[in-house]
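Inside the fold
One-letter residues, chain by chain:
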Amino acid sequence: MIKNKQKLVYASSVSAILSVLYVVVVTIWAEKSPALKTWLTDFSGHHWTSKSIISLGIYFFGLIAFYLLPKQIEAGVVKRYLKALIIITALGALTLLAFFTGHNFGWF
Amino acid sequence: MEILLSKPVLIGMHLGFGIIGIDAFLWLLGELKYKGRKKPLLITAVVGTLSFIGSWLVGGFYYVKFYGTLVKPVIKGGLAPWAHNIMMETKEHIFLFIIPLALTALFAVLLKEDEFESLNIRKVVMLLAATVAAIGLVIGAMGFMVSAAARWGVQ
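We now turn to the structure provided with this report. (Residues numbered from 1 in each chain as written. Chains lettered and ligands numbered in written order. Predicted model: local features only at pLDDT ≥ 70, side-chain atom pairs only at ≥ 80, totals over all residues. Heavy atoms only, no water.)

1. Details of the pattern of salt bridges
Per the counting criterion, the structure on display carries 3 salt bridges over all chains. One connected set of salt bridges, linked through shared partners, spans Glu113, Glu117 and Arg122 of chain B. (Salt bridge = Lys/Arg side-chain N within 4 Å of Asp/Glu carboxyl O.)

2. Here's the deal with the interface of chain B and chain A
The partner chain A presents 41 residues to the 33 residues of chain B that form the contact. Summing the contributions of chain B and of chain A, the shared interface buries around 3300 Å²; its carbon and sulfur component is 79%. Across the chain B-chain A interface, the total number found is 0 salt bridges. The interface formed by chain B and chain A holds 5 residue pairs in polar contact (both at pLDDT 80 or more) in total. Only helix H2 (38-76), helix H3 (82-109) and helix H5 (122-152) of chain B provide two or more residues apiece to the side of chain B that touches chain A. Broken down by class, the residue content of the side of chain B that touches chain A amounts to 24 nonpolar, 7 polar and 2 charged. (Contact = heavy atoms within 4.5 Å. Buried area = accessible area lost by both parts, 1.4 Å probe. Polar contact = N/O pair within 3.5 Å; in protein donor to acceptor, adjacent residues only side chain to side chain. Helix = DSSP H or I, 4+ residues; strand = E, 2+ residues; numbered from the N terminus. Nonpolar A, V, L, I, M, F, W, Y, C, P; charged D, E, K, R; others polar.)

3. Topic: the nonpolar core
Core analysis: the largest hydrophobic core is formed by 80 residues, its most contacted members being Phe25 and Ile121 of chain B. Residue contributions to this core peak at 18 residues, all from H3 of chain B. (Core = buried A, V, L, I, M, F, W, Y, C linked by side-chain atoms within 4.5 Å. Buried < 20%, exposed > 50% of the residue type's maximum accessible area, 1.4 Å probe, protein only.)

The structure is reproduced here in structure tokens:
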């Protein structure tokens, strides 16, 4: 059984934040860099599949790594990272929407 | 198997799993608000997370196998190319946020009641469950626009 569930929630929050940030950055970067998009396509056969695999890889690697790190998690830290995850998710979604809207209208 | 992997069935399963996922996380929100028993909390979080995984796998298969070659050119050449350029592009990427978020909510629900209270995270976990459901709803609305553009946006 999982010994430290509090640390599991902390590890999941931190790695989910990293995963969300990765998706936002790599998506915008790949739209601006054909070489990166080609590399992502070559990695699995489709750029979206590659982004999916790597984002889940970041999440699960982070989950295990942050859980196993010998670090004491204070009570307030769990709440802080959960809040950060929600805020970063909302900002990430809005960033992608704004980017693709601008891209559609040729603003950038 | 042929019927199961056909386009209408894949779209239906993608949407069906998505709706179950959204409903489960809205239910989880209610269970958290009214301090429900442990078992229903866990069941709703597990069902919601598994449903979103199902929606991701089925929708991903459809997207990779059919969307790019069959649907995207129709939308791009129709009256509403923005439905692909903005809605589909945004939807397919913010979908990738959901699984880590849903798993985080599920792990939070594993905490005992006294741990939940001592960490003072009830409201923030409720907000997390609401965020998962909201992203699901936004993705659903975007998916409807994409389908509508392919169906009715043809010149």
